[in-house]
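Here is how the chains run, residue by residue.
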Amino acid sequence: MSDPAFKSEFLQVMQARGYIHQISHPDELDAAASAGGRLTAYVGFDATAPSLHVGNLISIMMLRRLQQAGHKPVVLMGGGTTKVGDPSGKDESRKLLSGADIDANIASIRAVFEKFLTFGDGPTDAVMVNNDDWLSKLGYIEFLREYGPHFTVNRMLTFDSVKLRLEREQPLTFLEFNYMLMQAVDFLHLHRALGVQLQMGGSDQWGNIINGVELVRRMDHKAAFALTTPLLTTSSGAKMGKTAAGAVWLNADMLSPYDYWQFWRNTEDGDVGRFLKLFTDLPLDEVSRLESLPGAQINEAKKALANEATRMLHGAAAAELAADAARTAFEQGGVSVDMPTHHVPAADLAAGVALAALAVDAGLAASKGEARRLAQGGGLRVNDKAEMDANRTLTAADLVDGVIKLAAGKKKIVLVRPV
């Protein structure tokens with residue numbers, strides 16, 4: 001299953017599992033990662049929210065593959081760069097967060113990495129660093145004199161993060177324009193402090209990463225490499241990780257293990273094999289068997305994906321509870337305490353709540369209009385019975401054993417519980 005173009009286990013696995021979009025200096029990188037060599041590589045994560053989301057998962061998995069192949073991963077938390085905001089893929093400037101908010105986000109995010117990587121002091125143990133530790137100490141004149149001569153505005157304007165914003169005639173602040181310089185300085189600092197040779201990230205980061213590669217090679221005359229993954233979209237063309245209810249968060253306090261399990265269980269048929277390769281440790285021959293299952297049997301592959309992905313993030317017990325709750329809800333038509341719950345003030349329910357509004361609040365529909373369309377098509381159910389009228393008022397009289405079971409289509413169920 002390996003690609004004969006690569007000799008190193010790391011790049012063979014990365015290629016076979018579908019992680020590689022672009023590599024700078026591929027032959028040099030392959031040699032550096034081959035038997036006897038130990039790569040140190042990093043991925044950067046800005047702390048713009050209290051949790052990372054499933055869109056960040058492919059970058060975390062790249063670090064996992066690196067460590068599994070006997071190399072050293074570095075997790076870079078962007079305490080400094082978050083103060084500036086990455087313009088990549090954005091039409092608007094990010095909201096600027098306070099230092100206290102950024103620190104709180106980093107503290108909240110930290111535990112997720114321990115689920116995927118082994119941290120410690122050993123030669124291949126992962127380490128976590130914060131770029132605020134060095135970026136905040138740089139004086140502006142010092143920064144310009146030390147690093148400014150190595151970048152040209154002409155070249156910076158050619159990178160997608162800048163070019164796309166300008167082509168859409170959206171403002172790009174001078175603050176954001178400096179982001180790619182700061183990311184390049186990160187690479188140089190980590191190269192000097194930890195011997196980092198490789199930066200990995202999504203394909204939208206290619207320009208930013210290449211700036212760092214060139215800065216290391218120009219200033220220190222040492223090897224430095226870039227590796228990016230494809231930006232993930234689903235078979236239907238949607239951005240991976242976006243749902244009607246919002247982002248698919250990795251922290252359990254922002255998205256329950258059951259909802260996380262359901263996200264993977266609802267994978268489109270055409271994506272199952274690709275996601276099994278990227279987001280689980282299942283052997284590739286087992287992945288081939290699962291993705292080849294005919295007809296409705298492909299649902300077994302989706303359950304395997306959901307079980308493995310949930311186990312990796314939330315643990316085996318949580319994955320088993322989520323699978324059992326789904327089985328109770330979808331295959332037996334029952335109710336489980338592990339199903340997602342939406343709480344409604346008892347007084348509101350006593351007064352009556354419109355089904356369309358409740359479906360939106362519970363995350364079953366993106367809008368009241370979508371809820372009405374679902375109902376008209378027979379896709380909205382109350383206590384396992386189709387409800388065609390989305391304007392129907394639900395009250396305490398609809399409670400069965402203390403809850404109202406709401407479902408949208410065949411894949412989304414929420415228990416409405418008064419508080």
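Please read all numbers here as calculations on a predicted model, not as lab measurements.

Asks: I'm lost on the sheet that holds strand 5 (residues 198-202) in this one. Help?
Replies: The strands that make up a sheet pair up through hydrogen bonds in the backbone, lying either parallel or antiparallel. The sheet built from six strands is open, its strands ordered 1-6-5-2-3-4 with mixed pairing. With one partner strand each, in any of the chains shown, strand 1 (22-23) and strand 4 (127-130) form the two edges of the open sheet. As paired strands, strand 3 (residues 72-77) and strand 4 are joined by four bridges and run parallel to one another. Its bridge partner being in strand 4, L76 is matched across the sheet by V129. On the sheet, helix 4 (residues 99-116) packs against strand 2 (40-45), strand 3 and strand 4 and is oriented at approximately 160° with respect to strand 3.

Asks: Which parts of the structure should I look at to understand the pairing of strand 15 (residues 412-418)?
Replies: Successive residues of a regular strand alternate their side chains across the two faces of the sheet. Pairing analysis gives four bridges linking strand 9 (residues 341-344) to strand 15, with the strands arranged parallel. Among the inter-strand pairings, V344 is bridged to a residue of strand 15, identified as P418. As judged from the five bridges shared by strand 14 (residues 404-408) and strand 15, these two strands associate in the antiparallel manner. If you follow A407 over to strand 15, its bridge partner there is I413.

Asks: Mind showing me how you'd approach the packing of aromatic side chains here?
Replies: Ring pairs (aromatic) are described by centroid distance and by the angle formed between their planes. Within this structure, the stated rule accounts for eight aromatic pairs. Taken together, a centroid distance of 5.7 Å and an interplanar angle of 70° make the contact between F275 and F279 edge-to-face. One end of the pair, F275, and the other, F279, are both in helix 13 (residues 272-279), four residues apart, so they sit about a helical turn from each other. For F279, a relative accessible area of 1% puts it in the buried group.

Asks: When you look at the nonpolar core in this model, what are you seeing that I'm missing?
Replies: One recurring pattern in soluble globular proteins is that nonpolar side chains are buried together. Membership of the largest hydrophobic core comes to 71 residues, with the highest contact counts inside it found for F10, M200, Y260, W264 and F279. Here the element with the most residues in this core is helix 15 (residues 298-314); it accounts for eight residues. If we ignore the near neighbours within four places in the chain, the residues touching W264 are V54, L57, M240, F275, F279, K302, L305, A306 and A309. Membership of the second largest hydrophobic core comes to 31 residues, among which are V129, Y147, L188 and V216.

Asks: So what exactly am I meant to see when it comes to the packing of helix 3 (residues 57-68) against helix 13 here?
Replies: Packed helices, taken two at a time, are described by the angle between their axes plus the distance between the axes. Running from N to C, helix 3 and helix 13 cross one another at 50°; their axes reach a closest spacing of 9 Å. Between helix 3 and helix 13, the angle falls in the class oblique. The residues of helix 13 that touch helix 3, namely those facing L57, I58, M61 and R65, are K277, L278 and F279. Tallied by class, the residues present in the contact of helix 3 with helix 13 amount to five nonpolar, no polar and two charged.

Asks: Just to check I follow, could you spell out the pattern of salt bridges for this structure?
Replies: It is possible for side chains bearing opposite charge to pair when their charged atoms get close. Taken as a whole and assessed by the stated rule, the structure comprises 14 salt bridges. Two residues, R64 and D281, come together in a salt bridge whose shortest N-O distance is 2.5 Å. One end of the pair, R64, is in helix 3; the other, D281, is in the loop between helix 13 and helix 14 (284-291), and 217 residues separate them in sequence. Using a relative accessible area of 27% as the deciding quantity, one classes D281 as partly exposed. Here D271 makes a salt bridge to R274, at a shortest N to O gap of 2.8 Å. A relative accessible area of 1% means that D271 is categorised as buried. Relative accessible area serves as the criterion here: at 32%, R274 is assigned to the partly exposed category.

Asks: What should I look at first to understand the sheet that holds strand 12 (residues 385-386) in this one?
Replies: Read across the sheet, five strands follow the order 9-15-14-11-12 without closing on themselves; strand pairing throughout is mixed. A strand with exactly one partner marks an edge of an open sheet, and here the two such strands are strand 9 and strand 12.

Asks: What is the right way to look at unusual backbone geometry in this model?
Replies: Glycine aside, negative phi is the norm for most residues, and most peptide bonds take the trans geometry. Positive phi, normally seen in glycine, also occurs at H25, with a value near 50°. Within the fold, H25 resides in the loop between strand 1 and helix 2 (26-33). With phi around 55°, H221 is a residue other than glycine that occupies positive phi space. Checked against the element boundaries, H221 lands in the loop between helix 11 (206-219) and strand 6 (225-229). Given a relative accessible area of 66%, H221 falls into the exposed group.

Asks: Help me understand the environment of A366 in this model?
Replies: Within the element layout of this structure, A366 appears in the loop between helix 18 (355-361) and helix 19 (368-376). A sequence separation of 90 residues divides A366 from L276, and the C-alpha atoms of the two residues are 28 Å apart.

Asks: Can you help me understand the pairing of strand 14 in this one?
Replies: Buried residues dominate strand 14, accounting for five of its five residues. Where burial is concerned, the two faces of strand 14 agree: the one with I404, L406 and A408 and the one with K405 and A407 are both buried. Note: strand 11 (residues 380-382) against strand 14, three bridges, orientation antiparallel. Bridge pairing in strand 14 places L380 opposite A408.

Asks: It is not clear to me how a nonpolar patch on the surface should be interpreted in this structure. Could you clarify?
Replies: Together, Y140, I141, L144 and F174 line one region of the surface with nonpolar side chains, adding up to about 440 Å² of accessible area. The element contributing the most residues to the nonpolar patch is helix 6 (residues 140-147), with three residues. Relative to the elements of secondary structure, L144 occurs in helix 6. For L144, a relative accessible area of 36% translates into the label partly exposed.

Rules behind the numbers
- Residues numbered from 1 in each chain as written.
- Predicted model: local features only at pLDDT ≥ 70, side-chain atom pairs only at ≥ 80, totals over all residues.
- Heavy atoms only, no water.
- Pairing = 2+ DSSP bridges.
- Helix = DSSP H or I, 4+ residues; strand = E, 2+ residues; numbered from the N terminus.
- Contact = heavy atoms within 4.5 Å.
- Axes fitted to C-alpha atoms, helices over the stretch in contact; angles between N-to-C directions.
- Phe/Tyr/Trp six-rings, centres within 6.5 Å; stacked < 30°, edge-to-face > 60°.
- Buried < 20%, exposed > 50% of the residue type's maximum accessible area, 1.4 Å probe, protein only.
- Core = buried A, V, L, I, M, F, W, Y, C linked by side-chain atoms within 4.5 Å.
- Parallel < 35°, antiparallel > 145°, perpendicular 65-115°, else oblique.
- Nonpolar A, V, L, I, M, F, W, Y, C, P; charged D, E, K, R; others polar.
- Salt bridge = Lys/Arg side-chain N within 4 Å of Asp/Glu carboxyl O.
- Patch = residues over 30% accessible without salt bridge, like charges linked within 9 Å, V, L, I, M, F, W, Y side chains within 5 Å.
- Areas by Shrake-Rupley, 256 points an atom, 1.4 Å probe, with all protein chains shown as cover.

Everything listed here is a matter of geometry and, on its own, says nothing about what the molecule does.
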